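Here are the chains, one letter per residue:
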Amino acid sequence: MKFGVLGSGMVGSTIATKLVSLGHEVKLGSRNAANEKAAAWVASAGRGASQGTFADAAAFGEIVFNCTAGVGSIDALRSAGASALRGKILIDIANPLDFSKGMPPTLFVSNGDSLGETIQRTFPEAKVVKALNTVNAGLMVAPGRLRGDHDLFVCGNDAGAKAQVVRFLKEEFGWKSVIDLGDITAARGTESYLLLWLRLYGALQTADFNVHVVN
Ligand SMILES: NC(=O)c1ccc[n+]([C@@H]2O[C@H](COP(=O)([O-])OP(=O)(O)OC[C@H]3O[C@@H](n4cnc5c(N)ncnc54)[C@H](OP(=O)(O)O)[C@@H]3O)[C@@H](O)[C@H]2O)c1
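Description of the structure in this document. Per chain, the residues get numbers from 1 upward, laid out in the order the sequence is written. Local features in a predicted model are, by the rule used here, given only for residues with pLDDT of at least 70; side-chain atom pairs are given and counted only at 80 or more, and totals for whole chains, interfaces and linings are based on all residues. No hydrogens and no water enter the side-chain calculation; it runs on all heavy atoms of the structure.

### Considering the overall build of the protein
The helix count covers DSSP runs of H or I at least four residues long, the strand count covers runs of E at least two residues long, and both are numbered beginning at the N terminus. For the protein, the count of helices and strands is 9 helices and 10 strands. Once the C-alpha set of the protein is aligned to its principal axes, its extents read approximately 45 × 40 × 35 Å. Going through the 215 residues of the protein one by one, you find that 52% of them count as buried. Sequence separation of 24 or more characterises 68% of the internal contacts of the protein that already satisfy a separation of 6 or more. Areas reported as accessible are Shrake-Rupley estimates using a 1.4 Å probe. Residue values count occlusion only from the protein chains shown. Element-wise, carbon and sulfur atoms account for 52% of the exposed surface of the protein, whose accessible area totals about 10,000 Å². Between buried and exposed lies partly exposed: a residue is buried under 20% and exposed over 50% of the maximum accessible area for its type, with that area taken using a 1.4 Å probe on protein chains only. Contacts were defined at the residue level, with two residues in contact if any of their heavy atoms lie within 4.5 Å.

And the structure:
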């Protein structure tokens, strides 16, 4: 398949590398078509890897990943263009973290709203599925590296898109347990979990952890 990955940071390049290793074609998008990090990724990833603007990557992908900084996600997606996203699954990994007042970051949207909902409202014809935002980049594509059972969460308004994403996460990324939390308003919970994630990161001194829900 063809994927557009918006974002040249750790998450974008990790997702893109995994997709290329699975035999997919990937265009990594940035504000600048000649972004140096994206160029380095293209040089190392090899066959199936290319780069471009956010608009190039969104137009290229049959499925699009949003791996941009939360504060820039709406701008990045606007420059990708609503028409390039129309009818497509948009897997939203971004978190609404505000680092402007230092560490720890706060959430710039929370409680009665979320970044996932903001994106879905702004791009009503995209099928936004919030996923993978609760684990670090390495774990997203290699969940098996943790001992024991652990869970991933998805939410979104389009049931068909969500089912396709769950299948993809299991079959291609190796996730064993994916919990469907319902419509996109559930992103309020998974994004706010970052406040706990950051404290766990401090307490455990590693980003290689996840949660398991027991009932
Ligand atoms: N790091 C993790 O392990 C992790 C885990 C879970 C979720 N997340 C979330 O995943 C997203 C990506 O994280 P990351 O650590 O890979 O990278 P990041 O540094 O948060 O984001 C990098 C990307 O955001 C774009 N960007 C930054 N400011 C922008 C703006 N004002 N307008 C448009 N685009 C802008 C950059 O564009 P250019 O390419 O043009 O520079 C770049 O592609 C974030 O939302 C983060 O919260 C991260």
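### Comments concerning the environment of Ala-45
Structurally, Ala-45 is set in helix 2 (residues 36-45). Sequence-wise, Ala-45 and Ser-21 are 24 residues apart; in three dimensions their C-alpha atoms are separated by 8.2 Å.

### Remarks on the environment of Ser-8
Mapped onto the elements of the fold, Ser-8 is located in the loop between strand 1 (2-6) and helix 1 (10-21). Between the C-alpha atom of Ser-8 and that of Arg-147, which follows or precedes it by 139 residues, the distance is 29 Å. In this structure Ser-8 touches Leu-28, Gly-29, Ser-30, Asn-35, Lys-37 and Ala-38, once residues within four positions along its chain are discounted.

### Here's the deal with the packing of aromatic side chains
A ring pair, where both rings are aromatic, is described by two values, the distance of the centres and the angle of the planes. The criterion for an aromatic pair is that two Phe, Tyr or Trp rings (for Trp, the six-membered ring) have centres within 6.5 Å, with stacked assigned to planes under 30 degrees apart, edge-to-face to planes over 60 apart and tilted to the rest. Applying the stated criterion across every chain, the model contains 6 aromatic pairs. Members of the aromatic cluster, each reached through a chain of ring pairs, are Phe-3, Phe-65, Phe-168 and Phe-173.

### Focus on the environment of Phe-108
Residue placement: Phe-108 occurs in the loop between strand 7 (106-107) and helix 6 (115-122). Distance from Phe-108 to Gly-4, taken between C-alpha atoms, is 26 Å for residues 104 residues apart in sequence. With sequence-adjacent residues up to four places away left out, Phe-108 is seen in contact with Gly-70, Val-71, Pro-96, Leu-97, Asp-98 and Leu-115.

### What to know about the site of the ligand
For each residue, the test is whether any non-hydrogen atom lies within 4 Å of the molecule or strand; if one does, the residue is near. Lining the immediate surroundings of the ligand are 23 residues, of which Ser-8, Val-11, Arg-31, Thr-68 and Ala-137 lie closest. Note that an oxygen atom of the ligand is positioned 2.7 Å from one of the backbone N or O atoms of Val-11. Contacts described as polar in this section are N or O atom pairs within 3.5 Å, which, within protein, must combine one atom able to donate a hydrogen with one able to accept it, while residues neighboring in sequence count only if both atoms come from side chains. Between the ligand and the protein, one listed contact pairs an oxygen atom with a backbone N or O atom of Ala-69 at 3.0 Å. Of all the secondary structure elements, the ones that give two or more residues to the shell around the ligand are helix 1 and helix 7 (137-141).

### Observations concerning the pairing of strand 3 (residues 49-53)
DSSP-based pairing: two strands are paired if at least 2 bridges between them are found. Where strand 2 (residues 25-30) and strand 3 come together, 5 bridges link them in parallel fashion. When the bridges of strand 3 are listed, Leu-28 appears paired with Gln-51. Throughout, right-handed denotes a crossover for which the path from the first strand over the helix to the second runs clockwise when the strands point away from the viewer. With helix 2 bridging strand 2 and its parallel neighbour strand 3, the resulting β-α-β unit is right-handed.

It is worth stressing that arrangement in space is one thing and function is another; only the former is reported here.
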